[in-house]
Structure formats: C-alpha cells, structure tokens
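Residue strings, one per chain:
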Amino acid sequence: MDPRLSKTATSLLAALVLASCAIPPGHASAKSMATPGHGPRGIITTFAGSLGAGNAMALSIRPFGIAVSGNRVLIAERDRNVVRLVNRTTRESTIYAGNGVAGFSGDGGPATAAQLDGPAGIAIDQFGDVFISEVNGNRIRKVTTGGVVSTVAGGKGAGFSGDGGLATAAQLQQPAGLATDVVGNLYIADEANRRVRKVTPSGEISTVAPDADLEPLAIATNPAGDLFVMDQHLQVRKVTAGGTILTVAGNGTRGFSGDGGPATAASFYQPGALATDAFGDLFIADFSIVREVDEHGMIRTVLKADKDSPLIQGLATDDQGNLYTADWVGYHVRELSRGGHLSVFAGNGDMDYSGEGGPATASQLGDPWGVAADGQANVYLGDFAAGRVLKITPDGSIHTIVAAGPCCDSGRGRTPTGLNQPSGLSLDPEGNLFIADYGQIVLKLDPVGNLAAFAGTGLQPGSAGNGVPATSVSLFVLDVAADDKGNVYIADLTGIRKVDSTGIISSPWAGVHPRDVNGVAVDRQGNVFMSDGLNHQVLEVLANGTSRVVAGTGSEGDSGDGGQAIAAKLTTPEGLAFDQQGDLFIADAGANVIRRVDSKGVITTVAGNGKAGRTGDGGLAVRASLNDPRSVAVDAQGNLFIADQGNKLVRRVQGPIP
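What comes next is a walk through the structure. (Residues numbered from 1 in each chain as written. Predicted model: local features only at pLDDT ≥ 70, side-chain atom pairs only at ≥ 80, totals over all residues. Heavy atoms only, no water.)

Take the overall build of the protein chain next. Secondary structure summary: the protein chain contains zero helices and 51 strands in total. The C-alpha atoms of the protein chain give 27 Å as radius of gyration, which agrees with the globular expectation for 658 residues (26 Å, within 12%). Sequence separation of 24 or more characterises 49% of the internal contacts of the protein chain that already satisfy a separation of 6 or more. Accessible area of the protein chain: about 23,000 Å², with a carbon and sulfur share of 51%. With 50 positive and 65 negative side-chain charges, the protein chain shows a spacing of 2 Å between the two charge centroids. (Helix = DSSP H or I, 4+ residues; strand = E, 2+ residues; numbered from the N terminus. Rg over C-alpha atoms; globule rule 2.2 N^0.38 Å. Contact = heavy atoms within 4.5 Å. Areas by Shrake-Rupley, 256 points an atom, 1.4 Å probe, with all protein chains shown as cover. Lys, Arg positive; Asp, Glu negative; His and termini not counted. Charge placed at Lys NZ, Arg CZ, Asp CG, Glu CD.)

Encoded structure:
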C-alpha cells in the first residue's frame, strides 16, 4: 500500500471504541501541543509550509518542463501542480501559475489562484503569453502577460477528437511538450494519441502531417518556423514551414553512438526533450545526457551524465545560446553556458524540503504527517516524503532534528542514523520523542538528542511473539502514542501492540481485528483509541481485550453533526488527538474534515468544508478547504494543529475551538 494514497487500501490494525457514547475527561498526552495562540477563536491559518518563494537556489524544485524568454525562466513542477517563475538576473523565484492543488479551476482569473493538473510542458509566444500543458488534465492553459489564465485546447476528457474545429472543443490525451512558431501557431505533443496537434491563432486545431507517422516524444521550433519532432522511432524529424519532412537525427535503433559524425547515423537511448537556439543548433536530451546537432548536421555530446543529473525532462535556450536543463530526479535546473560552463541555476537538490533555520511559514514540506509538542512551545513535525523530523521553535523557525538516512537493524545492535518515512510522533512526560518510521521501526529521540531503536527490527527478520524485548520483534509500524505511565502503544499491521516501561512488548488486544488502523491515541485515564479507516470507525480498546465503537456507523460518508458520534458516518478516519477537556479530534482524511466528539458523545465538524482544496486562511476553519488531512494535535491553550498532507502544510485553528 502506498500510504499517501491509502484512503481505500487495506493495511493495518486493531479496533477501539469510546465508553458508551461518553469520552472520559482526558488530556492530549502524546498528541498535545503547547503553542500559545492569539486571535479570534475558530480562525484557521498556515502554521508551517508554503509553495516556496525567494532565492531559487535555496528552494526545493522538481522541474519537468522549462521555457526561457528574456529575463524570465519558467519551470513546470508537474508533481506540485505549479509553474514557477525565476528572474534570470536576480534568481528570485515566485509562483507564476497554480495554487498547488491538482484539478481544474480559475479560468478568467489570476493564474496563481487557478488549479493545474500535472503541468508538464511550457512554451512562450512572441507576445509573451505562456502556454502550459496539463498532462493529467488533458488540456492546454494560457496565461496572458497580465496574469490571467484560460483554456485554449482540450479539457473535454482524455481521447482524440476535434480536428478541424475549435481547439477548446477538442480532446487531447496526455499532452506534454509544447512549442510556438513565429506566426503564432501552437504545437502540442499529444503523446498518448501519438500525434502532433497544431492550434492556429484563430483557435482551430488540426493534426500536423497526419500521414507522416509522427509519434511525438518531444517537439521544438526554430526561428525559421521549422518544427522538430523526436518521435517514438528514436529519430528527430523536421517539418519545414513549407511542409517538407526530413530526418535530421537518429538511425532508429536504441543505444548510444555516433558522436563526431552525421546526426542521422547516431543512435539514441531514451530521448525526452528538444530545444533549438538562435545559432541553428538543435539540442536533444537523451536520458541523462544532452547532445547537440550543429548547423552542419554533426552530432556531439555537450553535457555528460553524472550523479546530479540522472533524468533530464526539459530543455530550453536563452537569446545568448545558454542551455537550461530541467533535471527532474536531480531536483534542480542547471545552466550550460555557450562557452561550456556548467552551474546550478535553481533548486537545492532536495526533493521535498527547504527553509532550514528560517520561518516555518516560508518552508517547503513534502508530506507533513505526525505532529507533537514538548510543552515548551516547540512543535514537532514528521515529514513523510522528506524523511525528516522537524522542530518548530517558539520564534517560528524550523529546524531538522532527525534527517533522512539509513535507519537501523536493531536486532543486530546498530545505531540508527536517520529515517525513512516518519508517519507518527508522540512525546512522553519526560520529553522523549517516539517516531513511527512507516513500516519499519519505532525510534526514540531523548531530550539531549540521542536517537535509538525502541521497537521493531527494521527490515530484518524478527520474532512475532510477545513477552520479549520490543527491539527483537518484527513490526509494520504506522503510528505511535505514549502515555504518562511509561507505556508506548504502536499501531502495527496486526493490531495495537503495547511496550511497557521495561521494553517488553505484548498484544493485549489480539482478538480485535480492524481492517485499516491508521492512528492511535491515549486519553488522560490511559484509555487507548484507534482509527479503523476501511471500517470508517474510531474504536476504544478495552482492558478485557475487546473493543467498542466511539464514532462511525461502519458505513462510509460524512454526516451526523450535532448527533451522537456512533450514529454518524465517517469516510477515512486517520489521526486522533485529545484536548485538555477530554474531547476527541478525528482527522477524516477521506472527507477532508476534522471532526470532534465531545465528552457527551456528540460529534461536530470543526475544520474543513468537505471539499479538497487550499483555501480559507484568515477565515473560519469550517469554511476552509483541506486536502487529505492526516493527523491532528491540540495544545494546552486549545489550539488545533492539522497536518494538511495534500497541501503540504500544517494548519492551525485558533482555540479554544468553538
């Protein structure tokens, strides 16, 4: 199961329920936070995370497509659903289009407020308008020089139709590369349809040379109006302005050969992008290298493979002949000058994180998952994708306290040195931080910074038994919660496991069989609760080894506000937390809401409007949109913290929650 897509995946653990309909007065224990709040109750703001702005060299960037015009370098980040603008002179970066949420919205309004769905290719015409292909949305968007976005082709679902009519009524299928010519035509590499489509300035769409067997992997144009197509036959074809089709590179066989000779005799391995310059040269990205075909038709390699550039997805040139490469897996854009000097132009080389030591609200996060706090206004965040545990100090700055790296083989006594995918955090009264490293192990970080294996054997085989040291047992770890008596509870694939204060593991609730346990929490009295995502319920596990339902009927849905929680419907409950009054908060990731069950068993929605999105900061939390919220925590002042995983944010709702 990919945990980031686990709304309907089968996985995990054991079952729980709250006493009848009432939840005893409790505390936030391991899931609580102590961050002073201010402002009106119930207002939501961003506490950590952003799309990233500032010095482009310091940002986390995963470029797919790239285009250059004058002082503007535009970078499509397909996975983040944004297009980034970098000033070529200052290297300052801002978001040019996209709000970071996959989907379609915003036509007729500011491009920065619009939703994009997999932006892949970029082209800029002679008027400065920018065209963006959405490989998942099967449409082409246009952003004017005034920043207004519209759809210019596709958007009618995946397929092939529309030639001879308006492009906005046509179907595309996985459009990727784009190019424009000097007379205003837009060319589209309609990859899954294995065609090159052309949209004229008047908006009519057609297929370029339909009988020429052009099956595009990449396209480009030159100042003379010629169209270049790298097709799936591993050849570059040139379609002249007069309609003549010529092969200009590639012999049609897969491999690497031909440097120093005619480009038509060369072989390519995995070509992915094309670009031309003002000097008549053609550049071809071939997996991790770049080759150049000069004006005489001779080919050579101008950028060789190295560990920092394993997969080049985009190419562009500027008006001085400098070449820019979008290194998708290297997480940066590089610039190769006309004179052969290679340098990093943008990106810090980290897939999912930036902002170390700076304001948390300016940082970039990967997949924020678990949250906790130490009672001294320090907030801890587990970033699943970045493989880090981050600490946000009272001054609002963010710092890495456990970095990504090889974890451990506790059964062989190795010391853990890093994390893989932290999926849950919990603190005990002594300030020890317990980290659930998804699927592998539970780690313990003590108050002075020593990291040690606490439970599980990592990827090594271990015992499945009970009554033995927790470090000798094989686990599939999902979440963790500590109580104030020295016990730690682990959400494991097989159920809830308990590790006592001596380090011995047991399975007190072996008879409880949940379908998909995603979260575990402990109240002030030491009662243990868990979420069962696929059964759409929250359960309490009882001292006699059984469980009872606290929330959810067992049917999927989002209903029941104002009534008893056991009569309400949940979608995919995941993270759980208690506040000082004993109210239970449930992150319903599938419904994109946070629900609260009070001490009388009554359920209400306290954050999220049920629609996936990234809106609402500065307003009431119940009117805001969340996107796959995975975990929650409540501090001593009653402020609610939400790991808004799909938005790559941590949101805060000012408490006490009304």
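What follows is about the sheet that holds strand 38 (residues 488–492). Taking strand neighbours across the sheet as the criterion, the five strands line up as 36-40-39-38-37 in an open arrangement whose pairing is antiparallel. If you trace the sheet from one side to the other, it starts and ends with strand 36 (468–469) and strand 37 (477–482), each paired once. For strand 39 (residues 495–499) and strand 40 (residues 504–506), the ladder comprises two bridges, and the chain directions are antiparallel. Within the sheet, the bridge partner assigned to Lys 498 lies in strand 40 and is Ser 506. (Pairing = 2+ DSSP bridges.)

Relative to strand 27 (residues 342–346), strand 26 (residues 332–336) runs antiparallel, the two sharing four bridges. Of the residues in strand 27, the one forming a bridge with Leu 336 is Leu 342. Counting the residues in the hairpin turn of strand 26 and strand 27 gives five residues, including Gly 340, whose phi is positive at 100°.

This part is about the pairing of strand 10 (residues 139–143). Across the five residues that make up strand 10, a large majority, four, are buried. Bridge count between strand 9 (residues 130–134) and strand 10: five bridges; the pairing is antiparallel. Bridge assignment links Ser 133 to a residue of strand 10, and that residue is Ile 140. The antiparallel hairpin formed by strand 9 and strand 10 contains four residues in its connecting segment, where Asn 138 sits at a positive phi of about 55°. Bridging between strand 10 and strand 11 (residues 149–154) involves five bridges; their strand directions are antiparallel. The residue bridging Ile 140 from the neighbouring strand is Ala 153, located in strand 11. Where strand 10 hands over to strand 11, the hairpin turn is made up of five residues, of which Gly 147 adopts a positive phi near 85°. (Buried < 20%, exposed > 50% of the residue type's maximum accessible area, 1.4 Å probe, protein only.)

What follows deals with the nonpolar core. Ranked by size, the top nonpolar core spans 17 residues in total, and within it Tyr 489, Ala 491, Ile 496, Trp 509, Val 520, Val 528 and Met 530 carry the most contacts. Sort the elements by how many residues they give to this core and strand 41 (residues 517–522) lands first, with three residues. Among the nonpolar cores identified, the runner-up in size contains 16 residues, and Ala 607, Ala 621, Val 634 and Val 653 belong to it. (Core = buried A, V, L, I, M, F, W, Y, C linked by side-chain atoms within 4.5 Å.)

For the rest of this paragraph, the subject is the environment of Asp 579. Of note, Asp 579 is situated in the loop between strand 45 (573–578) and strand 46 (584–588). Linking Asp 579 and Gly 638, residues 59 residues apart in sequence, is a C-alpha distance of 6.7 Å. Polar contacts involving the side chain of Asp 579 include one to the main-chain amide nitrogen of Gly 582, which spans 3.0 Å. A distance of 2.9 Å separates a polar side-chain atom of Asp 579 from the backbone nitrogen of Asp 583. (Polar contact = N/O pair within 3.5 Å; in protein donor to acceptor, adjacent residues only side chain to side chain.)

Taken as a whole and judged by the stated rule, the model has 10 aromatic pairs. Geometrically, the ring pair formed by Tyr 269 and Phe 287 is edge-to-face, given 5.9 Å between the ring centres and 90° between the ring planes. With a gap of 18 residues between them, Tyr 269 in the loop between strand 19 (245–249) and strand 20 (271–276) and Phe 287 in the loop between strand 21 (282–286) and strand 22 (289–293) connect regions that are remote in the sequence. Take Phe 287: its relative accessible area is 31%, and that puts it in the partly exposed class. Feature note: the residues Trp 369, Phe 384, Tyr 438 and Phe 476 constitute an aromatic cluster, connected by ring pairs. The ring centre of Trp 328 lies 4.2 Å from the NZ or CZ of Arg 62, which sits over that ring. The lysine or arginine in question, Arg 139, covers the ring of Phe 104, its NZ or CZ lying 3.9 Å from the ring centre. (Phe/Tyr/Trp six-rings, centres within 6.5 Å; stacked < 30°, edge-to-face > 60°. Lys NZ or Arg CZ within 6 Å of the ring centre and 35° of its normal.)

Within the secondary structure, Ile 43 sits in the loop between strand 1 (32–33) and strand 2 (44–48). When the C-alpha atoms of Ile 43 and Asn 222 are compared, they prove to be 53 Å apart, with 179 residues separating the residues in sequence. When near neighbours in sequence (up to four residues on either side) are disregarded, Ile 43 contacts Gly 618, Gly 619, Leu 620, Arg 652, Val 653 and Gln 654.

Looking now at the pattern of salt bridges. For side chains of opposite charge, pairing can occur when their charged atoms come near one another. Under the defined criterion, the tally for this structure stands at 30 salt bridges. One salt bridge in this structure joins Arg 80 and Glu 77, with 2.8 Å as the shortest N-O distance. Each member of the pair, Arg 80 together with Glu 77, is buried. The salt bridge partner of Arg 338 is Asp 277, with a shortest N-O separation of 3.1 Å. Of this pair, Arg 338 sits in the loop between strand 26 and strand 27 while Asp 277 sits in the loop between strand 20 and strand 21; the two residues are 61 residues apart in sequence, bridging distant segments of the chain. Through salt bridges with shared partners, a single network forms among Asp 107, Glu 134, Arg 139 and Arg 141. (Salt bridge = Lys/Arg side-chain N within 4 Å of Asp/Glu carboxyl O.)

Mapped onto the secondary structure, Glu 295 falls in the loop between strand 22 and strand 23 (299–303). The sequence separation of Glu 295 and Phe 279 amounts to 16 residues, and the corresponding C-alpha distance is 7.8 Å. Ignoring anything within four residues of it in the chain, the contact list for Glu 295 reads Phe 279, Gly 280 and Asp 281.

Now for unusual backbone geometry. The omega angle of the peptide bond from Gly 655 to Pro 656 is -5°, so this bond is cis rather than trans. With respect to the secondary-structure elements, Pro 656 resides in the segment after strand 51 (649–653). With phi around 65°, Arg 91 is a residue other than glycine that occupies positive phi space. Arg 91 gets classed as partly exposed once you look at its relative accessible area, which sits at 21%. For Ala 377, which is not a glycine, the phi torsion comes out positive at approximately 70°. Relative to the helices and strands, Ala 377 resides in the loop between strand 28 (368–373) and strand 29 (379–383). Under the relative-accessibility criterion, Ala 377 is labelled buried at 12%.

Structurally, Gln 115 is set in the loop between strand 7 (92–97) and strand 8 (119–124). Relative accessible area serves as the criterion here: at 16%, Gln 115 is assigned to the buried category. Of note is the side chain of Gln 115, whose polar atom sits 3.0 Å from the side chain of Ser 105. Apart from residues lying up to four places away in sequence, Gln 115 is in contact with Asn 99, Val 101, Ala 102, Gly 103, Phe 104, Ser 105, Glu 134 and Arg 141.

Once that is clear, we can look at the sheet that holds strand 34 (residues 441–445). Reading across the sheet, the four strands line up as 32-33-34-35 and stay open at both edges, with antiparallel pairing between neighbours. Either end of the sheet is taken by a strand with one partner, and the two such strands are strand 32 (422–427) and strand 35 (451–455). Strand-to-strand twist across the sheet, computed as the mean angle between neighbouring axes with direction ignored, equals 30°. Note that strand 33 (residues 433–437) and strand 34 share five bridges and pair antiparallel. From the neighbouring strand, Ala 436 faces strand 34, where its bridge partner is Val 442. (Axes fitted to C-alpha atoms, helices over the stretch in contact; angles between N-to-C directions.)

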